[in-house]
Amino acid sequence: MNDILNAIKQSAIEIKELIETGDTGKSENQNATGDTQLKLDIACDVILEKLFAKVPSIKAIVSEEQEEIVELNKDGKYLIAYDPLDGSSLVDVNLSVGSIFGIYENDFTGNNIVASVYVVFGPRVEMVVAQDDVKLYRLLKGKFEFIQNIVLKEKGNLNAPGSTQNCWAPHHKAMIDDIFNDGYRLRYSGGMVPDLHQILLKGGGLFSYPGTSDKPKGKLRQLFEVFPFAYTYEKAGGQASDGFKRLLEIKTSHIHDTSPCFFGSNSEINRVLKVYKEHA
Ligand code: AHG
Ligand code: MN
Ligand code: MN
């Protein structure tokens, strides 16, 4: 596992440089989900594939930016699914972005995830590693230094409600309104990495990206975005749900499947479960 973490650390240094100096324009390609790829998405994907290809413990990789699984080492133990640059369209407005990694064994499914890592590129570069617990590292003078463990409180005060509001179900809208009426503050940048990072570090709250009338299965991708953060939130003492059950229990039939998702501290997720159960 350490060799994988070292490859991710090296990728962060190279991706930071690319974010600072690279071309934020569009490419002529679309990814498997149909998003137009930015030149930055492709360049970050190339950096990661090159670094992971040198790690013997990796059996196979799959990137949000590629159609297929890439086999690396027959005898490798780990499978890695990653989003090279989540929120890439935010780079040209100079908001924070991130890389997300889910590390799996045996199969790319939620119940097979064994570790997760994300890197947030903001005013500082930070890396969060979830294994048995959740650890925050910061890039200081070219090296990642351990800063602290991350543990969620039982209840927070931030609310990050994603997706298009006029496509929300009425019970979802009522729930979000109630949460604000209880005094929660809106914190939503449009990048799930910094939005979820903020909730983790400020003690708790709710991030939601529900199923909507235009996207009944939500937008966020299970292997690259949803499962890695579900793992991190659970290990930090919170919960991650699709509104009805644990995200890590949902089935994946295709590598680019999406899922509605809710991440948060216990109090907020219990609230979501109650509302969604009443409207099932
Ligand atoms: P991408 O990997 O395509 O850049 O995805 C960005 C994601 C995620 O970071 C964010 O939470 C969500 O898209 C925002 O979507 P909306 O603009 O629909 O709220
Ligand atoms: Mn993404
Ligand atoms: Mn992406």
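Residues numbered from 1 in each chain as written. Chains lettered and ligands numbered in written order. Predicted model: local features only at pLDDT ≥ 70, side-chain atom pairs only at ≥ 80, totals over all residues. Heavy atoms only, no water.

1. What about the site of ligand 1?
So the rule is basically this: Any residue with a heavy atom positioned within 4 Å of a molecule or strand is treated as near that molecule or strand. Each polar contact in these results corresponds to two N or O atoms within 3.5 Å; when the atoms are within protein, one needs to be able to donate a hydrogen and the other to accept it, and residues that are neighboring in sequence are counted only if both atoms are side-chain atoms. Here a helix means four or more residues in a row that DSSP labels H or I, a strand means two or more in a row labelled E, and each is numbered from the N terminus. Residues are grouped as follows: Ala, Val, Leu, Ile, Met, Phe, Trp, Tyr, Cys and Pro are nonpolar; Asp, Glu, Lys and Arg are charged; all remaining types, including Gly, are polar.
Around ligand 1 sit 17 residues, and of these D86, G87, Y188, M192 and Y209 come closest. One nitrogen or oxygen atom from the side chain of Y188 is found 2.6 Å from an oxygen atom belonging to ligand 1. Note that an oxygen atom of ligand 1 is positioned 2.6 Å from one of the side-chain N or O atoms of Y209. The set of elements that each furnish at least two residues to the shell around ligand 1 consists of β5 (78-86) and β13 (205-209). A per-class count over the shell around ligand 1 returns 5 nonpolar, 5 polar and 7 charged.

2. A short note on the coordination of the manganese ion (ligand 3)
Four donors placed tetrahedrally about a metal ideally form angles of 109.5 degrees, and six donors placed octahedrally ideally form angles of 90 or 180 degrees. The condition is simple: Donor selection uses N, O and S atoms within 2.8 Å of the metal (3.2 Å for Na, K and Ca). Since no water is included, sites may look incomplete. Buried, partly exposed and exposed residues are distinguished by accessible area as a fraction of the type maximum, computed with a 1.4 Å probe on protein chains only: under 20%, between the cut-offs, and over 50%, respectively.
Taken together, E64 (OE) and D83 (OD) make up the full set of protein donors to the manganese ion (ligand 3), lying 2.3 to 2.4 Å away. A gap of 3.5 Å separates the manganese ion (ligand 3) and the manganese ion (ligand 2), which D83 links by coordinating each metal. Remark: D83 occurs in strand β5 and E64 occurs in the loop between β3 (58-63) and β4 (70-71); sequence separation between them is 19 residues. Considered together, E64 and D83 belong to a single accessibility category, that of buried residues.

3. A short note on the domain arrangement of the chain
The following threshold applies: Here the bounds of each domain stem from an automatic or database domain assignment. Throughout, the accessible surface (probe 1.4 Å) given up by two parts as they are put together, summed over both, is called the buried area. Here a salt bridge means any side-chain nitrogen of Lys or Arg lying within 4 Å of a carboxyl oxygen belonging to Asp or Glu.
In terms of domains, the chain is made up of domain 1 (2-149) and domain 2 (158-278). Here the C-alpha centroids of domain 1 and domain 2 sit 21 Å apart. Overall, the association of domain 1 and domain 2 removes approximately 2500 Å² of surface from exposure, summing both partners, and the carbon and sulfur fraction of that is 66%. The largest contributions to the domain 1 side of the interface with domain 2 come from E64, I100 and Y118, which together make up 20% of the buried area. Taken together, the connections running from domain 1 to domain 2 amount to 2 salt bridges. A salt bridge links R221 to D35, with the nearest nitrogen and oxygen atoms 3.0 Å apart.

4. Section: the coordination of the manganese ion (ligand 2)
Note on the manganese ion (ligand 2): its protein donors are D83 (OD), D86 (OD) and E225 (OE). The metal-donor distances range over 1.9 to 2.2 Å. Classification of E225 by relative accessible area gives buried; the value is 1%.

5. Notes on the packing of helix α4 (residues 192-201) against helix α5 (residues 222-235)
Spelled out, the test is: The axes are straight lines fitted to the C-alpha atoms, using for helices just the contacting stretch, and the angles between their N-to-C directions are given from 0 to 180°. An angle below 35 degrees is read as roughly parallel, one above 145 as roughly antiparallel, one from 65 to 115 as roughly perpendicular, and any other as oblique. Residues count as neighbours in contact if any of their non-hydrogen atoms are within 4.5 Å of one another.
Where α4 meets α5, the axes come as close as 12 Å, and the angle between the chain directions of the two elements is 10°. Considering the angle they form, α4 stands roughly parallel to α5. Judged by residue contacts, M192, V193, L196, I199 and L200 of α4 engage E225, F229, T232 and Y233 from α5. For the contact of α4 with α5, a count of residues per class yields 7 nonpolar, 1 polar and 1 charged.

6. As for the pattern of salt bridges
Tallying each qualifying case throughout the model produces 13 salt bridges. Between E126 and R138 there is a salt bridge whose closest N-O contact spans 2.7 Å. Of the two residues, E126 is situated in strand β8 (residues 125-130) and R138 in strand β9 (residues 134-140); the sequence distance between them amounts to 12 residues. For the pair E126 and R138, one class covers both residues: buried. Here R246 makes a salt bridge to E249, at a shortest N to O gap of 3.1 Å.

7. Section: helix α1 (residues 2-21)
Here is the rule we go by: Every helix has an expected span of 1.5 Å times one less than the residues it contains. The directions considered for the arc run from the helix axis to the C-beta atoms.
Relative to the 28 Å expected for 20 residues at 1.5 Å per residue, α1 spans 29 Å between its end C-alpha atoms, a close match to the ideal helical length. Along α1, the residues that are buried comprise I4, L5, A7, I8, S11, A12, I15, L18 and I19. One side of α1 carries all its buried residues, which in axial view fall inside an arc of 150°. Opposite its buried face, α1 presents the exposed residues N2, E20 and T21, each directed more than 90 degrees away.

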